[in-house]
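Results of the structural survey
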Amino acid sequence: MNVCKPLRPSMFRSSCGQSDHGGAESVAGNQRLRPLRIGTDPVVGQFVRYAFIGIMTNVTGYLLYLWLTFRGLDPKAAATLSFAWGVAAGFVLNRSWTFRDGGHPRRTLPYYIAAYSIAYAANILGLYVFVDILRYRHEIVQVLLILSLACCLFLAQKFWIFSGRRVGEPAR
């Protein structure tokens, strides 16, 4: 007996090799394959919201950085100002929308500041090493630093800052 079983919904194929796009009936009968919906997994939804906020704040922060350096400000000073803007906007948006943290900001703000202070130091160190010492273009270096630090900061926010648990507290 040859029974066709649907594979993962994101593949949109049955085991018989028949395409099944957008939920059309599969060969196996009335079973329907459902497309993978972004946001059905809480972590995926958080990452998508984080990425959206990150893109918006980092693009505007990068434009602010370019404008400040164009106006003659040192790249590290411009990075400091644009970084501060991004941290403030990111805290408000990620706390309320990405991670939907219902606690008081006084509980999470110190952790957020600590994580972003470390990221800031890594950003300045990266500019120093790759721009001042190795003489790479600051525009390219800053983009790469933004991308790599953004991934690290998502993990810090997900598992440390907005986890709902603090060091020393029992697990819920």
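Within any chain, residue numbers begin from 1 and follow the written order of that chain's sequence. In keeping with the predicted nature of the model, local features appear solely for residues at pLDDT of at least 70, side-chain atom pairs appear and are counted solely at 80 or more, and the whole-chain, interface and lining totals rest on all residues. The side-chain values count all of the structure's non-hydrogen atoms but skip hydrogen atoms and water molecules.

Things to note about the confidence of the model for the chain
- On a range of 0 to 100, pLDDT expresses the predictor's confidence in each residue. Taken residue by residue, the chain gives an average pLDDT of 81. The fraction at 70 or more is 72%.
- Taken element by element, the chain is modelled with least confidence in helix α2 (residues 75–98), mean pLDDT 92, and with most confidence in helix α3 (residues 105–133), mean pLDDT 95. Strands here are runs of E lasting at least two residues and helices are runs of H or I lasting at least four, both read from the DSSP assignment and numbered beginning at the N terminus.

Concerning the nonpolar core
- Side-chain atoms within 4.5 Å are what join buried Ala, Val, Leu, Ile, Met, Phe, Trp, Tyr and Cys residues into a set we call a nonpolar core. Only protein chains enter the calculation, and the probe is 1.4 Å; a residue is then buried if its accessible area is under 20% of its type maximum, exposed if over 50%, and partly exposed in between. Residues Y50, Y112, Y116, L153, I161 and F162 are the most contacted members of the largest nonpolar core, which totals 15 residues.
- Residue assignment for this core shows that the elements contributing at least two residues are α2, α3 and α4 (138–161).
- Broken down by element, the residue count for this core peaks at 5 residues, all from α4.
- Should any heavy atoms of two residues lie within 4.5 Å, those residues are considered in contact. Those residues in contact with L153, other than ones at most four positions away along the chain, are Y50, A115, Y116 and A119.

Regarding unusual backbone geometry
- The residue R100 is not glycine, and still its phi comes out positive at about 45 degrees.
- Within the secondary structure, R100 is located in the loop between α2 and α3.
- The exposure class assigned to R100 is exposed, which follows from its relative accessible area of 53%.
- Positive phi, normally seen in glycine, also occurs at R135, with a value near 65 degrees.
- Along the chain, R135 turns up in the loop between α3 and α4.
- Note on R135: relative accessible area 66%, which makes it exposed.

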